[in-house]
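One letter stands for each residue in the lines below.
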Amino acid sequence: MKKEKKPKVAWGIAGAGEKMVETLEMMKKIKKEYEDVVDIDVYISRSGDQVIKYYGISNEIETNFNNIWVEINANSPFLAGQIQLGKYEFMLIAPCSANTVAKIALRMGDTLLANSAIMGQRADIPLYIMPSDYEVGVTITKLPDGKDLKLTLREEDVENINKLAAMDNTNVLKEPEDIQELFARYFK
């Protein structure tokens, strides 16, 4: 008897440090809770690869997830094609840098995650994005060494998030806890 394949989710990691550690913890929890229900494939942008190494969590990702790819270019690995063919239930980019948010909002598919998100939108595959920059104003983020970094978020960054939120089949998440609710909605 042929074993039925589990559905799959594409998890993209962009070059945002904000909420990176919390997102990894949430994804590890989700993987453990749903390991018999869904497979999570991890796609890391070149900038994301730098950030996870900076935060010292690269090995933790490799230890906890089986299928991991790092961007070579906008079409390699060929995530866009896999998404368009419906190989994934949805694409999640979390955390998502302001750069990747802007690229998707402005339809610039010159990186792996932006290209895959745009191609997935064209094929009506649900896209979930958790931007690192969410509201205008000052925010304090923690650096890997524990120090605080003050960032001022601008209207232009939030405008791009609002553009994404207005797009069909595109959903903006605010916190890592929202990811848990997302998986519960799809797989419980």
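Further up the page is the structure itself.
Here the structure is a predicted model, which is why all the values come from computation and not from measurement.

Undergrad: Account for the pattern of salt bridges, with residues named and values stated.
TA: What the rule picks out here adds up to eleven salt bridges. In this structure, the salt-bridge partner of Glu175 is Lys19, at a minimum N-O distance of 3.4 Å. Remark: Lys19 occurs in the loop between strand S1 (8-13) and helix H1 (20-34) and Glu175 occurs in the loop between strand S8 (170-172) and helix H8 (176-187); sequence separation between them is 156 residues. Salt bridges sharing partners connect three or more residues here, namely Glu25, Lys28 and Glu60.

Undergrad: Break down the environment of Ile72 for me, with residues and values.
TA: For Ile72, the location among the structural elements is in the loop between strand S3 (67-70) and helix H4 (79-84). As a C-alpha pair, Ile72 and Leu173 span 101 residues in sequence and 27 Å in three-dimensional space. Leave out the neighbours within four places in its chain, and Ile72 touches Arg46 and Pro77.

Undergrad: Summarise the sheet that holds strand S4 (residues 91-96); cite the residues concerned and give the values.
TA: In a beta sheet, neighbouring strands are held together by backbone hydrogen bonds and run either parallel or antiparallel to one another. Pairing within the open sheet is parallel, and its six strands lie in the order S3-S2-S1-S4-S5-S8. The open sheet has two edge strands with one neighbour each: S3 and S8. Between one strand axis and the next, the sheet turns through 20° on average, direction left out of account. Here six bridges tie S1 to strand S2 (residues 39-44), and the two strands are oriented parallel to one another. Within the sheet, the bridge partner assigned to Trp11 lies in S2 and is Val42. Here helix H2 (residues 46-54) sits on the sheet and contacts S1, S2 and S3; the angle it forms with S2, its principal contact strand, is near 95°. Along the sheet face, helix H6 (residues 112-122) touches S1, S2, S4, strand S5 (127-131) and S8 and points at about 140° away from the line of S4.

Rules behind the numbers
- Residues numbered from 1 in each chain as written.
- Predicted model: local features only at pLDDT ≥ 70, side-chain atom pairs only at ≥ 80, totals over all residues.
- Heavy atoms only, no water.
- Salt bridge = Lys/Arg side-chain N within 4 Å of Asp/Glu carboxyl O.
- Helix = DSSP H or I, 4+ residues; strand = E, 2+ residues; numbered from the N terminus.
- Contact = heavy atoms within 4.5 Å.
- Pairing = 2+ DSSP bridges.
- Axes fitted to C-alpha atoms, helices over the stretch in contact; angles between N-to-C directions.

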